[in-house]
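This is what each chain is made of:
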Amino acid sequence: MDLISLYPTWYEPTVGSGWVVALIATFHVLASHTSVGAAMLFAYLSHKAYREDREDLLDFVKKYGLFLLVFTYVAGSITGPGIWYSTTVASPNGIGALIHSFVWKWATEWVFFVIEVVGVYMIVYLVGRVDKRTHMKISVIFGMASLATMLIIVGILSFMMVPGKEQWFADGGYLNGFYGTNTFAQLGMRMAFMFTMTAVVGGIVIAGIKDPAFKKEMARKLGWLGIISTLIGASMFQWYLTSVPDQALLVMENRLPDYFQSSIMIVLAGTLAYFIITMLRPQMIVQGFAGAMTIIILVAGLWPEETARESMRKPWVAGQYVYSNQVIGKDVPGMDIKSQLPTIEKVGILQAHPFTPDHLKEVNDGNKIQAGEFIAMTYCSNCHSPSETGIRPLHRYFPEGVSQERVAQYVKGVLTTGNIAYMPKMPMLDSEAEALAAYLVLNNDGGQAAVTAAIDTEIEQRERALAEQKAQDTVAAVDLQEGK
Amino acid sequence: MDAQQVAQVTEMMYALRNPAGIPTFPIIFIGLGVLTFALHILFVQLMLGTSAITLYGAFNNNAYWRRLGAAMLEIAKVSVSVAIVVGVAPLLFVQVVYDPHWYTSNVLSADWVIAFIVILILAYWAMYYYYFQNGKNQDKTVQPKSRWSMITSLILMLVVGFIMHSLTSQILHPELWKEWYMQNGKLDYSGTQLHAYNIWRYAFFISMAIPVTGAMLVTYRRFKSVREDADHDYLNWAAEVGKKWIKVGSVISTVLYVAWMATLPETAGNFATSVWGILGGVAVIGYALWAQLRLKGEARFCSYMALPMALVIGLVVAISREMLRYDILNGFFNYNFMDYKIVMDWYSTGLFFLTFAIVGGVVLSYFLTIAWKSGQTVGVYTPGATVNKLGTLSIWIVALWIVQFFVVGFYVWAQ
């Protein structure tokens, strides 16, 4: 059997499937990290409320909790499976690799997730309906359960960059895949970041506090939390960079824009400045300002980090063995996983793909553009949009008027051999390389309109040929009946 | 379809399996998938039914319906949350053993898969908007404001239900996947279409909201009736509505179930008249009979049994549903989920079951006890020594779990 595990391709022409995943993931990280950080803050405040017999702290917990319930729990709990949904359609083998290795870890997280959801309702709705000691206990359990969800997911996230231990490739095993330097560095970084987010989002709740003294107290508490966690987070990021593969650093140096480092520094300085200002002048924290700063600081802080992580792991999408184009590009003896490259080299990508239509299994003059488009969608579209817009559009990589021979030479010399560090090796038969080149040139020169017109012509010719063939067969059958 | 076509489809499904295999026996994933689906669909049905009551109450001038609508809104909000969180589990398990089917179905309708997320968030926020507009009303009999937002919420919930129904229906048609990938002779990469549905199947699962919500009303009466400030006339009225809903709703659902069975694809063979096919329908109509026999008069104990019984009925239907899937994929296409490659991992398997039983069991017992008791108490609830100890134990258990995470992690890291 020469078929490999490749699914149909989903192609979103406006922004590209990669951006759809990124948008949902960023939103989810925003909501979920804030939830975890706030859960631990609630535990602390409820404990303090119990010890010092204070109603105002519990009232703050209730207000912040209700805010979280509506905005981050609702959105966070939906965008959580939403990440599965978006990666399922954009990168099925990428998410499949994670699910199949870590299904029980996700199931374990689910237990804590159930505790979390029940817990947040109880924290919000039981203020004043149960005694402070019980509320404190619920908050502590809730805070720790939230932390557990973070602990669990971070090992899976770090596997996307690199399996925890090198021996996972040779020996397999869940523990080798889950735990490693990258796991703990990322854990430290994310924990720090989630407290920063908690402090920033908390500003929205602080804005609603009427009593100036209490407002000042909470602004200071959250301000210190924000300053300390931001500084720790920055140092954790440096540690994180030492735990990624050399290849990832190389990609980061070459592929991330020049302004990346400086923009990170600006975000860092801006965040610290915000906390210092709000600590000194808490009266500045009003709803609109705090809300705007939340969006600015969190998105500006989160987006570059998530983008960097996504770019750095190229050409892989999971575990350093699944390429971003969904092909398995490396043997993993410990899991009895074989690279799919030899199969593709032997039969070609069109024969190896389970969803190749029968009439495209072999390239000929009547299906070249369709075959080329199919190959581009399979091999390229995860990282390069074939349309005008979207993620790293293909047309930007070829000069106008480039010849088909030149592109074919590039495909055969560079892509099929895997000669670019951050791009997967993409084996193709010569006929397939020619088809891809023909498609790329057409897409480059005429865009999607030219491609669509060419494909329509190919389909028309094929249908005509089929109709003629059918007519000839009918005539032959009649002749046979009449004994001619 | 001839034998060669069937063989090609089967070969494709096997090729799509994930080469990493699965970390324990497939039947365990299927079992957990069925169980958690039954729980998930119960809360989905509760969410729909209680939302419908909220709306009916909002448009009805009767004071009891108004009060009931306001009370059911509280249950609807929590039910959406629980339905989502419980729904994560079957979503996880289906992509472990049915990954070729689930992933293909989703990719072919990708725009709808993404829309699902957005629509569900909007539906949930619309419900909260209605709550914030009316939740603080002390008098629950006044006409609520912003009724449009509750209508919007319910409609959007039904839309996401239909998307999910369609995705699961597409799983059952591997013979059509390649055809769906081609539209008018061209490959269609857009994922803009939902390709399969069975309106009777969808209507059946939605209609089960009627008896399930009936069970909730009966339980509501029982739960609230022990409070010192209980209005027994109102609660008894609500329970009578609930009993009627269980009986009438079960009959409606049974009719729709039969319609679903009558419209199964040819690939399902004789499933409709098989033991599993019949059992699902018998269970649903059996709920009406159970209610007729066991919910007479006061029926105090059996009032609390109404919801667990609804779960049992749902579980039987979930098993039938799974058997239908197995019947089509295995019976017709010879795709056997039981022969998935196993790369056994005892550690993570054991950790999950221990966490589920010990951490989940103890903590949720504590949480639900507190929620239950405080709901039945007028004023502030202060737990006794036993419940307090359960709380302390819960804290220690979760703390120990976190400690083991780091101990095992640092040990592996240091190796």
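Chain A appears in an unreviewed UniProt entry as Cytochrome c from Thiomicrorhabdus xiamenensis.

1. Remarks on the overall build of chain A
Counting its secondary structure elements, chain A contains 16 helices and two strands. Along the three orthogonal principal directions, the C-alpha set of chain A runs to about 105 × 45 × 45 Å. Put simply, chain A has 484 residues, and 62% of those count as buried. Within chain A, contacts between residues separated by at least 24 positions form 73% of all contacts whose residues are at least 6 apart in sequence. Carbon and sulfur atoms make up 60% of the accessible area of chain A, which totals about 18,200 Å².

2. Brief notes about the interface of chain B and chain A
If you look at the interface, chain B gives 106 residues, while chain A gives 103 residues. With both sides pooled, the region where chain B packs onto chain A buries about 9,100 Å², and carbon together with sulfur makes up 76% of that total. Three residues stand out in chain B for area buried against chain A, namely Tyr189, Phe367 and Trp413 of chain B, and they jointly supply 9% of the buried area on that side. The interface formed by chain B and chain A holds two salt bridges in total. A salt bridge links aspartate 358 of chain A to lysine 178 of chain B, with the shortest nitrogen-to-oxygen separation between them at 4.0 Å. In this structure, the connection of chain B to chain A is made through 32 residue pairs in polar contact (both at pLDDT 80 or more). Considering every element that reaches the side of chain B that touches chain A, the biggest residue donor is helix H13 (residues 346-375) of chain B, with 19 residues.

3. Notes on the packing of aromatic side chains
As enumerated under the stated definition, the model contains 71 aromatic pairs over all chains in all. Here tyrosine 98 of chain B and phenylalanine 337 of chain B contribute two aromatic rings whose centre-to-centre distance is 5.9 Å and whose plane-to-plane angle is 70°, an arrangement assigned as edge-to-face. In this pair, tyrosine 98 of chain B is assigned in the loop between helix H3 (63-97) and helix H4 (99-108) and phenylalanine 337 of chain B in the loop between helix H12 (300-332) and H13, connecting sequence segments 239 residues apart. Across the pair, phenylalanine 337 of chain B and tyrosine 98 of chain B agree in class, each one buried. Over the ring of phenylalanine 178 of chain A we find lysine 105 of chain A; its NZ or CZ atom is 4.8 Å from the centre of that ring. A cation over an aromatic ring shows up here: arginine 67 of chain B above the ring of tyrosine 234 of chain B, its NZ or CZ 4.0 Å from the ring centre.

4. Things to note about a nonpolar patch on the surface
A contiguous nonpolar patch, built from Phe25, Ile27, Met338, Ile342 and Trp346 of chain B and spanning about 520 Å² of accessible area, is present on the exposed surface. If you trace the backbone, methionine 338 of chain B turns up in the loop between H12 and H13.

5. Here we look at the pattern of salt bridges
Going through the model one piece at a time under the given rule, you end up with 21 salt bridges over all chains. What emerges from the salt-bridge pattern is a single network uniting Lys48, Glu52, Arg54, Asp56, Glu217 and Lys221 of chain A.

6. Some thoughts on the UniProt feature "transmembrane region" (unreviewed entry) in chain A
All names here are of chain A. The feature "transmembrane region" (unreviewed entry), as annotated in UniProt, sits at residues 20-45, 66-85, 110-128, 140-162, 191-210, 222-240, 260-277 and 284-303 in this numbering. The annotated region residues 66-85 carries 100% helix and 0% strand content, and the separation between its end C-alpha atoms amounts to 27 Å. End C-alpha to end C-alpha, residues 191-210 measures 31 Å, and it is 80% helix and 0% strand.

7. Looking at the side chain of glutamine 320 of chain A
Residues and elements named next belong to chain A. Of note, glutamine 320 is situated in the loop between strand E1 (316-318) and strand E2 (322-323). Within the structure, glutamine 320 has its side chain in polar contact with the backbone oxygen of methionine 161 (distance 2.8 Å). In this structure, glutamine 320 is in contact with Met161, Val162, Pro163, Phe169, Pro245 and Lys330, ignoring residues within four places of it in sequence.

8. Comments concerning the domain arrangement of chain B
Residues and elements named next belong to chain B. Under the domain assignment used here, chain B contains domain 1 (3-340) and domain 2 (345-415). A straight line from the C-alpha centre of domain 1 to that of domain 2 covers 29 Å. Summed over both sides, the interface between domain 1 and domain 2 buries roughly 890 Å², with carbon and sulfur atoms accounting for 68% of that surface. Between domain 1 and domain 2 we count zero salt bridges in total. Taken together, domain 1 and domain 2 are joined by three residue pairs in polar contact (both at pLDDT 80 or more). Broken down by secondary-structure element, the contributors of at least two residues to the side of domain 1 that touches domain 2 are helix H2 (26-59) and helix H9 (209-224). Counted by class, the side of domain 1 that touches domain 2 contains seven nonpolar, one polar and four charged residues.

Calculation notes
Here, residues in each chain are numbered from 1, in the same order as that chain's written sequence. Chain A is the first chain written and ligand 1 is the first ligand written, with later ones labelled in order. Residues qualify for local features only when their pLDDT is at least 70, as the model is predicted, and side-chain atom pairs are given and counted only at 80 or more; totals for whole chains, interfaces and linings, by contrast, use all residues. To obtain the side-chain values, all non-hydrogen atoms of the structure were used and water was disregarded. Only runs of H or I of at least four residues qualify as helices and only runs of E of at least two qualify as strands under DSSP, and these elements are numbered from the N terminus. Residue burial is assigned from relative accessible area. The probe radius is 1.4 Å, only protein chains are included, and a residue is buried under 20% of its type maximum, exposed over 50%, and partly exposed in between. For this analysis, residues touch if any pair of their heavy atoms sits within 4.5 Å. Note that accessible areas follow from Shrake-Rupley with a 1.4 Å probe, and for residues the cover is restricted to the protein chains shown. Here's the idea: put two parts together, see how much 1.4 Å probe accessible area each one loses, and the total over both is what we call buried area. Here a salt bridge means any side-chain nitrogen of Lys or Arg lying within 4 Å of a carboxyl oxygen belonging to Asp or Glu. Counting of polar contacts relies on pairs of N or O atoms within 3.5 Å, with two restrictions inside protein: one atom must be capable of donating a hydrogen and the other of accepting it, and residues adjacent in sequence are counted only when both atoms are side-chain atoms. Only rings of Phe, Tyr and Trp enter the pairing, Trp through its six-membered ring, and a pair is recorded when the two centres are within 6.5 Å. The plane angle decides the type: under 30 degrees is stacked, over 60 is edge-to-face, the rest tilted. Lysine and arginine charges are scored as sitting over a ring when NZ or CZ, respectively, is within 6 Å of the ring centre and within 35 degrees of the ring normal. The patches described consist of residues with a relative accessible area above 30% and no salt bridge, like charges being joined within 9 Å and nonpolar side chains (Val, Leu, Ile, Met, Phe, Trp, Tyr) within 5 Å. UniProt positions are given in the numbering used here, feature names are shortened, and annotations may be inferred rather than shown by experiment. Domain extents, as shown, originate in an automatic or database domain assignment. Nonpolar residues are Ala, Val, Leu, Ile, Met, Phe, Trp, Tyr, Cys and Pro. Charged residues are Asp, Glu, Lys and Arg, and all others, Gly as well, are polar.

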